[in-house]
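Each chain, letter by letter, is given below.
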Amino acid sequence: MRFRRLLIGLLCLAGLAVLLDFGVAAYSEYRVSRLLRTGSDLSADPEITIHESLRHPFVAQALDSQYGNIDVRARAMRPDIPGRITVEADLAGVHLSMRNLIDGNVGQVPVDEVQARMRIEPTELGRLFKIPDLQVFGPPTDKSDGAGGSGSVPTTNGGIIILEGTVPIGPDADTAAVTEAVTDSRGDGGEKVTKKKVHVLADLRLEGDEVRITATAISGRDLQADTDSVLPDQDRIVIPEQDRPAVLARFTHTIDTKNMPFGIIPTRVQASGGQIVVEGSGRNATVDLDRLQKQ
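In this numbering scheme, every chain counts its residues from 1 along its sequence in written order. The predicted origin of the model limits local features to residues at a pLDDT of at least 70 and limits the giving and counting of side-chain atom pairs to 80 or more, whereas totals for whole chains, interfaces and linings rest on all residues. The basis for every side-chain value is the complete set of non-hydrogen atoms in the structure, without hydrogens or water.

Visitor: Please explain the sheet that holds strand 1 (residues 47–50) as it appears in this structure.
Guide: Sheet strands pair via backbone hydrogen bonds, and the direction of the pair is either parallel or antiparallel. One requirement defines pairing of two strands: DSSP has to find at least two bridges between them. To qualify as a helix, a DSSP run of H or I must reach at least 4 residues; to qualify as a strand, a run of E must reach at least 2; elements of each kind are numbered from the N terminus. The sheet built from 6 strands is open, its strands ordered 1-2-3-4-12-11 with antiparallel pairing. Each edge of the sheet is formed by a strand with only one pairing partner; in this case those strands are strand 1 and strand 11 (268–272). On average, each strand axis in the sheet is inclined to that of its neighbour by 20 degrees, with strand direction left out of account. Sheet topology places strand 3 (residues 81–95) next to strand 4 (residues 109–120); 8 bridges connect them, and they run antiparallel. Within strand 4, the residue paired with Leu 91 across the bridge is Val 114. To get an axis, fit a line to the C-alpha atoms, keeping to the stretch in contact for a helix; angles then go from 0 to 180 degrees between the N-to-C directions.

Okay, here's the thing in structure tokens:
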């Protein structure tokens, strides 16, 4: 009987320890999240995850003033990109005392390693290029089903990607609104403007602190008529030679990477899952846990 009571008591203590560990970890995540939101002027609390395990519970990490892994994920506004972009950071070996965390003294925190990412999603890319239905795919060898690049091979510096979107074609294409449907309309000058979903090859490259997306060629399917097509003549659209430079220009853009998390310098860019993903890393860095993006 005594043994049973002792066992029950130990189990209760273990349960209380787990609850205490969970509560302290949740408070710490909330604390860092609020500091980051205030210091970075974010519209919502970022997601903070402090990883722990049975061998390394949060309280043990806090007492040691060293945390194994902390993940940060936030949605941030940028003046040059309509909408919000996703910024992420994986921090390994974070040296921070619980006292400094409670006091909010997290301005200079040593970190063994930082993995930072900036993700620009299809909706924001479409607004940036002014092509509402813009989609990004992997290299021409991609065998995906076209659903936003799933199954694509990541493309790094100097790689070729495929862009797809509906653009106006014709003498007055610059004055015509872009829609997702394939239609005919009139430009301001009264000239006929055709809107067509086209596919272009583009060079994705990281140059310094800029991502350059340069459309280099139009897909062969948009350069020649399909004699076997059952589409009506008005829907069998071929891009004329004189309109091709303007089409390529619409799929060309430069994106600044100055808002990488914690000021990490980007070293890699890829097209993945319909997104443009910029990545960088740093070792033995010092970060401001109350300021996600450097001014």
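Visitor: Help me understand the packing of aromatic side chains in this model?
Guide: Each aromatic ring pair is described using two quantities: the centre-to-centre distance and the angle formed by the ring planes. Each Phe, Tyr or Trp ring, with Trp reduced to its six-membered ring, pairs with another whose centre is within 6.5 Å; inter-plane angles below 30 degrees give stacked pairs, above 60 give edge-to-face pairs, and intermediate values give tilted ones. Within this structure, the stated rule accounts for 1 aromatic pair. Seen from their ring centres, Phe 58 and Tyr 67 are 5.6 Å apart, and the 35 degrees between their planes marks the pair as tilted. Tyr 67 carries the same exposure label as Phe 58, and that label is buried. Buried means the residue's accessible area, taken with a 1.4 Å probe over protein chains only, is under 20% of the maximum for its type, while exposed means over 50%, and partly exposed covers the values in between.

Visitor: Would you explain the side chain of Glu 279 in this entry?
Guide: Tracing the chain through its elements places Glu 279 in strand 12 (residues 275–287). Residue Glu 279 is classed as buried on the basis of its relative accessible area of 18%. The term polar contact refers here to a pair of N or O atoms within 3.5 Å; inside protein, the definition further demands a hydrogen-donor-capable atom paired with an acceptor-capable atom, and it admits residues adjacent in sequence only when both atoms are side-chain atoms. A distance of 3.4 Å separates polar atoms of two side chains, one belonging to Glu 279 and the other to Gln 270. Setting aside residues no more than four positions away along its own chain, Glu 279 makes contact with Ala 116, Arg 117, Met 260, Pro 266, Thr 267, Arg 268 and Gln 270. Working rule for contacts: check all heavy atoms of both residues, and any pair within 4.5 Å makes them a contact.

Visitor: What's the story with the pattern of salt bridges in this structure? I'm lost.
Guide: Side chains bearing opposite charge may pair, as long as their charged atoms lie close to each other. Any Lys or Arg side-chain nitrogen found within 4 Å of a carboxyl oxygen on Asp or Glu counts as a salt bridge. Counted under the stated rule, the structure contains 16 salt bridges. The residue Glu 88 makes a salt bridge to Arg 73 at a minimum N-O spacing of 3.2 Å. Taken together, the positions of Glu 88 in strand 3 and Arg 73 in strand 2 (residues 66–78) put the pair 15 residues apart, joining distant regions of the chain. Note on Arg 73: relative accessible area 34%, which makes it partly exposed. Ionic pairing is found between Glu 88 and Arg 119, a salt bridge with its closest N-O pair at 3.2 Å. Of the two residues, Glu 88 sits in strand 3 while Arg 119 sits in strand 4, which places them 31 residues apart along the sequence. Overall, the relative accessible area of 11% leaves Glu 88 in the buried class. Relative accessible area serves as the criterion here: at 22%, Arg 119 is assigned to the partly exposed category.

Visitor: For this particular structure, what's the right way to read empty space enclosed by the protein?
Guide: One way to see where empty space is left: roll a probe the size of a water molecule over the atoms. Lining residues are defined by having an atom within 4 Å of a point belonging to a cavity or pocket. Those points lie on a 1 Å grid over the protein atoms alone, cavities being sets where a 1.4 Å probe fits but cannot get out and pockets being open sets with protein on both sides within 12 Å along at least five of seven lines. Grid points are joined across faces, edges and corners, and a volume is the space filled by probe spheres set on the points. Considering all chains together, one arrives at 2 cavities of 30 Å³ or more under this definition. Of the volumes computed, that of the largest cavity is approximately 50 Å³. Ten residues, namely Ala, Val, Leu, Ile, Met, Phe, Trp, Tyr, Cys and Pro, are considered nonpolar, four, namely Asp, Glu, Lys and Arg, are considered charged, and the remaining ones, Gly among them, are considered polar. Among the residues forming the lining of the largest cavity, the class breakdown is 7 nonpolar, 1 polar and no charged.

Visitor: Honestly, the confidence of the model for the chain in this entry has me stumped. Any pointers?
Guide: On a scale of 0 to 100, pLDDT captures the predictor's confidence in every residue. Summary statistics for the chain give a mean pLDDT of 77 and a share of 71% for residues scoring 70 or more. Summarising per-element confidence for the chain, the mean pLDDT is lowest in strand 7 (residues 184–186) (48) and highest in strand 4 (94). Here residues 142–155 is a poorly scored stretch, pLDDT under 50, and it has 37 contacts once near neighbours within four places are set aside; other chains count. Below pLDDT 50 for its whole length, residues 226–235 participates in 3 contacts with residues either more than four positions away or in separate chains.

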